[in-house]
Amino acid sequence: MKEMMKNTGILLAITVVAGLLLGLVYQITKDPIAAQEAKAKQEACQEVFADAASFEEMEITPVDEAAWSEAGFSQESIDEVMRAADASGNVLGYVITVTTREGYGGDIQFAIGVRLDGAMNGMSILSISETAGLGMRAEEVLKPQFADKNVEAFEYTKNGATSENQIDAISGATITTNAVTNGVNAGLYYFQTELKGGSE
C-alpha cells in the first residue's frame, strides 16, 4: 500500500510539473505564433489585393444553408472576409477565405480577392495536401488562371480553355481541379449574394 501511495505521489508530481511546463511553453509561444499567423494572413491579403493599403476583418454573414446547398456548395465554407481599402479608406473589394472539403488529400484552403465590380484579382493558396506532382501543381497550374477574370462562376475543362470562365484542369488531377474550382465559385457566390453592392 505504501509503495502504491509513493508511486501515485510520484506520478502526480510528474503530471503537475509537466502541466506547469506546458503552460509555460504556451505562454511563451502564443504571442509569436499569433504574430506569425497575422503576418501570413496579411501576406495572403496583399497577394490577392496588391493595391490595398489596409484590410479589416468583417463579420461573416451566415449563409442560407438550403440555398448554399442548392447552389452546389455543401462541401465549401466561408472562413473569413476582409474588407480591402486604399490609403484614403475607400473600399476596393474583399478578400474571402474559403475551405473546400473536396480535395483528394483533404481540405484545401485559399483566399480570393474580389473587387467591387466582381472582378477576381487572383487567389492565394493557404493550405493544401494533394498528391505531389499532380494535385500539388494547383499553385503552378490553377492559381494563375483565376487572375483578372470577371465571371459569375468558373468551370474546368480537359480540352483547353476557350472562354473567360473556363479553367484548364491539371492533367491527372481532376479531383483537385474540381475542388479548387468549386471553392472559388463558392467565394464568388458569397460575394454576389452577401457583399456585392455594399461596403459595410
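The sections below set out a description of the structure shown in this document.

Cut-off values and rules
Along every chain, residues carry numbers that run from 1 in the direction the sequence is written. Thresholds applied to this predicted model are a pLDDT of at least 70 for local features of residues and 80 or more for the giving and counting of side-chain atom pairs; totals over whole chains, interfaces and linings are not thresholded and use all residues. Remark: hydrogens and water are excluded; side-chain values derive from all non-hydrogen atoms of the structure. Strand pairing follows a simple DSSP-based rule, namely that at least 2 bridges must link the two strands. Starting at the N terminus, helices and strands are each numbered in turn, a helix being any DSSP run of H or I of at least four residues and a strand any DSSP run of E of at least two. The axes used here are C-alpha line fits, helices contributing only the stretch in contact, and every angle between their N-to-C directions lies in the interval 0 to 180 degrees. Whether two residues are in contact is decided by their heavy atoms: any pair within 4.5 Å suffices. Any Lys or Arg side-chain nitrogen found within 4 Å of a carboxyl oxygen on Asp or Glu counts as a salt bridge. When accessible area is computed with a 1.4 Å probe and restricted to protein chains, residues below 20% of their type maximum are described as buried, those above 50% as exposed, and intermediate ones as partly exposed. Only buried residues count toward a nonpolar core, which is a set of Ala, Val, Leu, Ile, Met, Phe, Trp, Tyr and Cys residues joined through side-chain atoms within 4.5 Å. Here the aromatic set is Phe, Tyr and Trp, taking the six-membered ring for Trp, and pairing holds for ring centres within 6.5 Å; pairs whose planes are under 30 degrees apart are stacked, those over 60 apart are edge-to-face, and all others are tilted.

Let's shift gears to the sheet that holds strand β3 (residues 91-100). The strands making up a sheet associate through backbone hydrogen bonding, with each pair oriented either parallel or antiparallel. Taken together, the five strands give an open sheet; going across it, the order is β1-β2-β3-β4-β5, and neighbouring strands pair in antiparallel fashion. Of all the strands in the sheet, just β1 (54-58) and β5 (120-127) have a single pairing partner and so form its edges. Strand-to-strand twist across the sheet, computed as the mean angle between neighbouring axes with direction ignored, equals 25°. In the sheet, strand β2 (residues 76-85) pairs with β3 via nine bridges, with the strands oriented antiparallel. Opposite M82, over in β3, you have V95 as the bridge partner. Contacts between helix α4 (residues 174-195) and the sheet are confined to β1, β2, β3, β4 (108-115) and β5, with β4 contributing the most and set at about 40° to the helix.

Following the criterion strictly, the structure yields five salt bridges and no others. Taking the shortest distance from any N to any O, the salt bridge between R115 and D51 comes out at 2.7 Å. Note that R115 is positioned in strand β4 and D51 in the loop between α1 (2-48) and β1, a separation of 64 residues in sequence. On the basis of relative accessibility, which here comes to 44%, the residue D51 falls in the partly exposed class.

Buried residues dominate β3, accounting for ten of its ten residues. Between the antiparallel neighbours β2 and β3 lie five residues, among them G89 with a positive phi of about 90°. Bridge count for β3 against β4 is eight bridges, and the pairing is antiparallel. Bridging across to β4, V98 finds its partner in F110.

Structurally, the position occupied by Q75 is in the loop between α2 (65-70) and β2. Residue Q75 is classed as partly exposed on the basis of its relative accessible area, which comes to 33%. Contacts of Q75, omitting those with residues within four sequence positions, involve T99, T100, R101 and E102.

The subject of this paragraph is the nonpolar core. Among the nonpolar cores identified, the biggest contains 33 residues, and I96, I112, M123, F146 and V184 are the most heavily contacted of them. Elements that contribute at least two residues to this core include exactly β2, β3, β4, β5, α3 (138-141) and α4. Ranked by the residues each element gives to this core, the list is headed by α4, at eight residues. Ignoring any residue separated from it by four or fewer positions in sequence, one finds I96 in contact with I78, E80, F110, A111, I112, V114, G187, F191 and L195. Formed by ten residues, the second largest nonpolar core is a distinct cluster that contains F49, M82, A84 and L92.

Aromatic ring pairs are reported here in terms of the distance separating the ring centres and the angle at which the planes meet. Applying the stated criterion across every chain yields a total of five aromatic pairs. Residues W68 and Y189 carry aromatic rings whose centres are separated by 5.8 Å and whose planes lie at 55° to one another, so their mutual orientation is tilted. With W68 in helix α2 and Y189 in helix α4, this pair connects stretches of sequence that are 121 residues apart. Look at Y189 and you get partly exposed, because its relative accessible area is 23%. With centroids separated by 5.4 Å and ring planes inclined at 50°, the aromatic side chains of F73 and Y189 adopt a geometry described as tilted. Note that F73 is positioned in the loop between α2 and β2 and Y189 in helix α4, a separation of 116 residues in sequence.

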